[in-house]
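Below are the chains, spelled out letter by letter.
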Amino acid sequence: MPELEFTPVIGIEIHIRLKTKTKIFCSCSTNTDVPPNTHVCPVCMGLPGSLPRLNYEVVQQGMLAGMALNCEVQPKSLFFRKSYFYPDLPKGHQISQCDLPIVAGGFIEVHDENGNLKKIRVNHLHLEEDVGSLHHSASDGRLEGAAISYVDYNRSGMPLAEIVSEPDVSSAKEAVEYVTTLRRRVIYSGASDVELEKGMMRFDANVSMKCSDGRWGRKVEVKNMNSFHALEKAIEYEIKRQKKIMLQGGEILQETRHWNDAKGVTTASRVKEFYRKFIVEPDLPPLIISQEWIDKTKAMFPEMPDVRARRYVNEFKLTPEAADMLTDNKALADYFEACVKAGAEPVRASHWVRTEVLRILNEKALKIDSFNITPDSLANLIKRIDAGKISTTQAKEVFDAMTNNNLSLDEAIKSCGITEGGIVGDALSSIIQKVIAENPDVLAEIKSGKDTKGKKLKFLQGLVMKETKGQAKPQEVAEALTKALN
Amino acid sequence: MQLYELNLHEMIEGLKAKKFSADELLTSCQNRIDSLEKNLNALITRLDDKKISNPSGILAGVPTILKDNICTRDIKTTAASKILGEWKPPYDATVWKLLRDAGSVLIGKANLDEFAMGSSCTKSAYGATKNPHDISRVPGGSSGGSAAAVAAGYVPFSLGSDTGGSIRQPASLCGVYGFKPTYGMVSRYGLISYGSSLDQIGPFARTVRDLQIVMSVLAHHDEMDSSSFREKNYDFSYDESKLNLKGKKIALVKEFQSFNLEPSIANAMDKIKKILEDEGAEIIEVSLPVVSKYSLACYYALAMSEAHTNLERYDGVRYGYTVQDASGLKEMFERVRSYGFGPEVKYRIIAGTCLTEPSRCDEYYVAATKVRTLVAQEFARAFTQTDFILQPAASSKAPKINELDQIDELKSYEADLYTLPVNLAGLPGLSFFTGYDDDNLPVGLQLIGARWSDPEILNAGIVIENHTGSPKIANGGLN
Amino acid sequence: MKLTKEEVNDIALESRLVLTEKELEGTVKFINNFLTMLDSFKELDLKDVEPFSFAETLECPLRADEIHPFENTQGIINQSAHVEDNLFKVPRIMEAQ
Ligand SMILES: [Zn+2]
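Just so it is clear, the structure is predicted and the values come from calculations on it, not from any experiment.

K.L.:
I'd like to hear about the coordination of the zinc ion, residue by residue, with values.
P.N.:
Residues and elements named next belong to chain A. All of the protein donors around the zinc ion are Cys26 (SG), Cys28 (SG), Cys41 (SG) and Cys44 (SG); their distances to the metal are 2.3 to 2.4 Å. For the zinc ion, the four donor atoms in the first shell make angles of 100 to 114° at the metal, a pattern classed as tetrahedral. Donor residues binding the zinc ion come from one chain and are separated in sequence as C-x1-C-x12-C-x2-C. Of this pair, Cys26 sits in the loop between strand S1 (6-17) and helix H1 (56-68) while Cys41 is found in the loop between S1 and H1, placing the two residues 15 residues apart along the sequence. The buried category is assigned to Cys41, whose relative accessible area is 8%.

Following this line, the structure appears as structure tokens:
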């Protein structure tokens, strides 16, 4: 009997917080760094009589995020009310575009197990509001068993984009690549910072199994994953669990399961998930997006990281690895390109950005936006190396001085005791005379003709270089020394 | 003659000419309330504030009353429901802001059917309001308190809300003018929602000219309401040169002609038709087959679907009635809602939930949204043939309060047949006074126009009023 | 299709309403009559009719992304009987089953 084969069929739903100053339906700030229930108003508290007002920027960011997923903007979309009772949901329903979304029909490319590119289709991205946050008073902070919960509505009404994939994902690895690539592209589009540690990206996965004997398992919805790692582990766990049941001839139940990150397992949800069909949000007329606005957005839509990396390889002759590393972060790539634009040789600039700049950013836990060496300064530094005015070793010293002491390039060179253009002529001659005077025995040996291999000459040369703090060109030192000895 | 008996424009002129002071006027109205309120129960909350926010505003010193589903900051707002408890909104509805900025003084919040669901003003957690023309009868509803207050001379004008006739029907039963503006003409921000796509705030007054004055204050674009009109301004000023119906077409709905009207309403229709013809208007017929046959079901399907979602927010966590000792969240929600909502509201919540269940949603809710499209299209076609539609505002005179129990729920819904199609299509409708019947009860009719024809309807209303005369102030059960 | 008492009771509970026996009986009768009334929609050909219509073909207005803090947040919080340290306190979410 041939061994049974199982193919996982996985769809992924992602919630991303869009980058705006105010909430989706009211003018409250989206800054969450405030005491509980501070950024609230009648609208995001769902008070009787209040009405939602759609934020322009949410629509703009939704379009950009959609374009990052290769989706088409829909000229007409609509908001609905999605009902359920929960204390973090102040109106008892969530306003969401669910059925008629702002953008639809895109894809993200990932590598399958053979390393070939495959498309994960994106069904759509829709706009919706976030709910408040719950704090549980059970000692372990768990939901279940907590005697009392506290609600903070600062998060209520934050703008979210929900991205729904087709069930094209076949493994946990593909899932992680899908969300990683998607995240990078969305950040690039400017629609969201997607800071994972701030909970700006949350995942649900629909996992089912197809067996080679023709059996299909039912779809299981796995919720509560807040990191790439959790997503990967949850899917791996669920695949294993379902496979085991099917191997034993059991039935997979259609259910919702929660990922328990601490225990590394999924558990069946005890709450009956009740999904009601949505009614139209009567307080928001249809969202109409003009072709003009779509065109304008396309024009401001930035080059995506994969396209950019390919360009770096072709245009700048970078290695694919270097190109990937640089384009991982849009701001870093922008920095690199600014260096190149300011005249730095691309390969050398790439090297400097990836090693020295990233080293400082890591050491100081900085973001590239707040890095104090401008791309122009770095380009000038690189140009001076290339012009032979300073050595690479010196340049690193200068670089450190620039960032540590907040100096300009010239100030840093001066502070490192480096004379612009190097030590030549009389200055060099007097150093040579001093070295010769201090080493009469070496001089005698050379004069005696015993230094056939030029070893002693090299020794003197080294002493001169040391005296000049490396600011003389070895070639010139050698010539001047030979001349002085003759 | 007492000051409270003056109509709005007379009060404004009198105050301006300093014939009397705002204080005297407010006192006169307060005294009127003192003497009648025990008979009528038109108000949920009485206020004795005399502060005038804008002494030079067009309504400076004029008292008013708002239906108690309109939010007023720091003033209890109940929607006539136990579930809102002693809730004091932290913000003002836009309409109240506009009136206050025009100098009006709020002296009461009016009774209504709970959450505006009803047409009798008896389904209130604060008791029934009585019709000031005969206190054994209902004032109509849901804005019964607002209508009764104007009819009885508490105030020269008040605000109500109209989701399926809640301004026009009580105006008719109480013998005052009531106007439901085009959907989007008046901001709904701060109106406690019932059926959001149908709700509209509008005024009651004892003359049409007074309605014009109030509409000139209320009809403004409000960025807080996404359904608020944006493009143009509407002129509600009183202009005699516009009071002319010559050559205008006024239609009767063909399908309604076979209905048996109460004699007093049938007589009123004849009387008004004659007046209109005398004014040079042409009476024609339009056919509205879908409107007449399917509006009722369509309206209630949509109203209840929207209502049940609008009422999901009442869970006792953030405001209103609540319990402290629930052992779990579900228990808390169930106890708050089961105690807080009255029977009619519960019916509508359950019906709305039922219609939008996944298994029934397409068959009922989605179908109703499509029927609404047909209704709106049919009206739009009709208004290419006619300027106005004339029809009753209520199917009968005001029922006796003690006879209400015998009316089946759904039967009582049918009473709204003449008014609710207007809300489905978002049209403006004026309920106007025509005279008194043999029982000395007022009889009203309704004039409906195309969307945004609000100023024209009011002008037509003045033409009719010039023939019928304005209503008298009701005695409110006093002998 | 007539709804049974149990079905209506389930719907009521979904809406977080616990009905008395008398209320339930009234509601069953009401709902069933109401659904019968709505069955009239079946007489109409709605296949190609646009759903989700609004009173007028409006466009959703868009608000500028500018912060305008609500000036009376305390007025919101004060209205709840469940506030503790500016948080809304609610009983446990999962009930024993
Ligand atoms: Zn807010």
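K.L.:
An account of the sheet that holds strand S4 (residues 157-161) of chain B is requested, with residue identities and associated values reported.
P.N.:
Residue and element names in this part refer to chain B. With mixed pairing, 11 strands are arranged side by side in an open sheet as S1-S3-S2-S4-S6-S5-S10-S11-S9-S7-S8. Taken across any chain shown, the strands that pair with only one partner, and hence form the sheet edges, are strand S1 (43-46) and strand S8 (282-286). Shown here is a sheet whose adjacent strand axes are inclined to one another by a mean of 30°, direction ignored. Note: strand S2 (residues 63-67) against S4, three bridges, orientation parallel. Note on S4: the bridge partner recorded for Thr64 is Phe157.

K.L.:
Could you give me a rundown of the packing of helix H5 (residues 305-316) of chain A against helix H6 (residues 320-327) of chain A, with the residues and numbers involved?
P.N.:
Residues and elements named next belong to chain A. Where H5 contacts H6, the two axes come as close as 9 Å, and the packing angle between them is 140°. Judged by the angle between their axes, H5 and H6 are oblique. Considering only the axes of H5 and H6, their crossing is right-handed. In this structure, H5 uses Pro305, Arg308, Ala309, Tyr312 and Val313 to contact H6, whose residues at the interface are Pro320, Ala323, Asp324, Leu326 and Thr327. Of the residues in the contact of H5 with H6, the class split is seven nonpolar, one polar and two charged.

K.L.:
Can you break down empty space enclosed by the protein residue by residue, with the values?
P.N.:
What the rule picks out here adds up to five cavities of 30 Å³ or more. The space that makes up the largest cavity amounts to roughly 110 Å³. Around the largest cavity, the lining is made up of 16 residues, and of these Val43(A), Leu51(A), Pro52(A), Lys91(A) and Ile95(A) lie nearest the centre. Here the residues of the lining of the largest cavity sort into seven nonpolar, three polar and six charged. Approximately 90 Å³ is the volume attributed to the second largest cavity. For the second largest cavity, the full set of lining residues is Val280(A), Pro282(A), Ser197(B), Leu302(B), Glu306(B), Tyr365(B), Thr369(B), Arg372(B), Phe52(C), Ser53(C) and Phe54(C). Among the secondary structure elements, those contributing two or more residues to the lining of the second largest cavity are helix H8 (289-310) and helix H11 (362-385) of chain B. Here the lining of the second largest cavity gets three residues from one element, more than from any other, and that element is H11(B). Residues belonging to the lining of the second largest cavity are distributed by class as follows: six nonpolar, three polar and two charged.

K.L.:
Could you give an account of the environment of Leu54(A), with specific residues and numbers?
P.N.:
Structurally, Leu54(A) is set in the loop between S1 and H1. For the pair Leu54(A) and Asp306(A), spaced 252 residues apart in the sequence, the C-alpha separation amounts to 33 Å. Residues contacting Leu54(A), with those up to four places away along its chain left out, are Ile24(A), Phe25(A), Val59(A), Phe79(A), Leu284(A), Leu287(A), Cys60(C), Pro61(C), Leu62(C) and Arg63(C).

K.L.:
I'd like to hear about the pairing of strand S10 (residues 429-436) of chain B, residue by residue, with values.
P.N.:
Residues and elements named next belong to chain B. For S10, a buried count of seven out of eight residues is recorded, marking the element as mostly surrounded by other parts of the structure. As defined by bridge partners, strand S5 (residues 177-180) adjoins S10 across three bridges and the pair is classed as antiparallel. Note that in S10 the partner of Lys180 across the bridge is Gly429. When S10 meets strand S11 (residues 442-449), the two strands line up antiparallel, connected through seven bridges. Paired with Leu430 across the strands is Leu447, a residue of S11. Hairpin connection from S10 to S11: five residues lie between these consecutive antiparallel strands, with Asn440 at a positive phi of about 65°.

K.L.:
Tell me what's going on with the interface of chain C and chain B, and back it up with residues and numbers.
P.N.:
Of the residues lining the interface, 56 residues belong to chain C; the matching set on chain B comes to 69 residues. Of the roughly 5,400 Å² buried where chain C meets chain B, counting both sides, 66% is carbon and sulfur surface. Looking only at chain C, the three residues that lose the most surface to chain B are Arg16(C), Phe30(C) and Phe41(C), adding up to 13% of its buried area. Along the contact surface separating chain C from chain B lie four salt bridges. Lys346(B) serves as the salt-bridge partner of Glu23(C), at 3.0 Å between the closest nitrogen and oxygen. Linking chain C with chain B are 19 residue pairs in polar contact (both at pLDDT 80 or more), by the criterion used here.

K.L.:
Please give an account of helix H14 (residues 455-467) of chain A that cites residues and values.
P.N.:
Residues and elements named next belong to chain A. Look at H14: 19 Å from first C-alpha to last across 13 residues, which is about the 18 Å you get at 1.5 Å a residue. Where H14 is concerned, the buried positions are Leu460, Gln461 and Val464. All buried residues of H14 project into a common sector of 105° when viewed along the axis, lining one side. Along H14, exposed side chains directed more than 90 degrees from the buried face belong to Lys455, Lys458 and Lys466.

K.L.:
Account for the sheet that holds strand S8 (residues 133-136) of chain A, with residues named and values stated.
P.N.:
Taken together, the four strands give an open sheet; going across it, the order is S8(A)-S9(A)-S2(C)-S1(C), and neighbouring strands pair in antiparallel fashion. Both edges of this open sheet fall to S8 of chain A together with strand S1 (83-84) of chain C, since each of them pairs with a single strand only. Note that strand S9 (residues 148-152) of chain A and strand S2 (residues 87-91) of chain C share four bridges and pair antiparallel. If you follow Ser149(A) over to S2(C), its bridge partner there is Val90(C).

Cut-offs applied
- Residue positions within a chain follow its written sequence, with the count starting from 1.
- Chain labels run from A onward and ligand labels from 1 onward, assigned in the order the entries are written.
- Given that this is a predicted model, residues contribute local features only at a pLDDT of at least 70 and side-chain atom pairs are listed and counted only at 80 or more, while totals for whole chains, interfaces and linings are drawn from all residues.
- Based on all heavy atoms of the structure, the side-chain values leave hydrogens and waters out of the count.
- Coordination partners: N, O, S within 2.8 Å of the metal, 3.2 Å for Na, K and Ca; water not considered, so apparent gaps in a site are possible.
- Note on geometry labels: four donors, all angles 85 to 135 degrees, give tetrahedral; four donors become square planar and six octahedral when opposite donors are over 155 degrees apart and every other angle is between 65 and 115; remaining cases are irregular.
- Secondary structure counts use DSSP, requiring at least four H or I residues in a row for a helix and at least two E residues in a row for a strand, with both numbered from the N terminus.
- Only protein chains enter the accessibility calculation, which uses a 1.4 Å probe; a residue is then buried when its area is under 20% of its type maximum, exposed when over 50%, and partly exposed in between.
- Strand pairing is defined by DSSP finding a minimum of two bridges between the two strands.
- In this analysis, axes come from line fits to C-alpha atoms, helices being fitted only over the stretch in contact, and the angle between any two N-to-C directions falls in the range 0 to 180 degrees.
- Orientation categories follow fixed angle ranges, with anything under 35 degrees roughly parallel, anything over 145 roughly antiparallel, 65 to 115 roughly perpendicular, and all other angles oblique.
- In this scheme, a crossing is called left-handed if the near helix is turned counterclockwise away from the far one by less than a right angle; it is called right-handed if the turn is clockwise.
- Should any heavy atoms of two residues lie within 4.5 Å, those residues are counted as being in contact.
- In this classification, Asp, Glu, Lys and Arg are treated as charged, Ala, Val, Leu, Ile, Met, Phe, Trp, Tyr, Cys and Pro as nonpolar, and every other residue, Gly included, as polar.
- Method remark: on a 1 Å grid restricted to protein atoms, a set of points is classed as a cavity if a 1.4 Å probe fits but cannot get out and as a pocket if it is open with protein on both sides within 12 Å along at least five of seven lines; lining residues have an atom within 4 Å of a point.
- Grid points are joined across faces, edges and corners, and a volume is the space filled by probe spheres set on the points.
- Buried area is a sum: the accessible area each of two parts loses on coming together, probed at 1.4 Å, counted once for each and added.
- Salt bridges are counted wherever a side-chain nitrogen of Lys or Arg sits within 4 Å of a carboxyl oxygen of Asp or Glu.
- Whenever a nitrogen or oxygen atom comes within 3.5 Å of another N or O atom, the pair is scored as a polar contact, on the condition that within protein one atom can donate a hydrogen and the other can accept it, and that pairs from neighbouring residues in sequence are kept only if both atoms are in side chains.
- The span you would expect from a helix comes to 1.5 Å times its residue count less one.
- Here the arc refers to the directions that run from the helix axis out to each C-beta atom.

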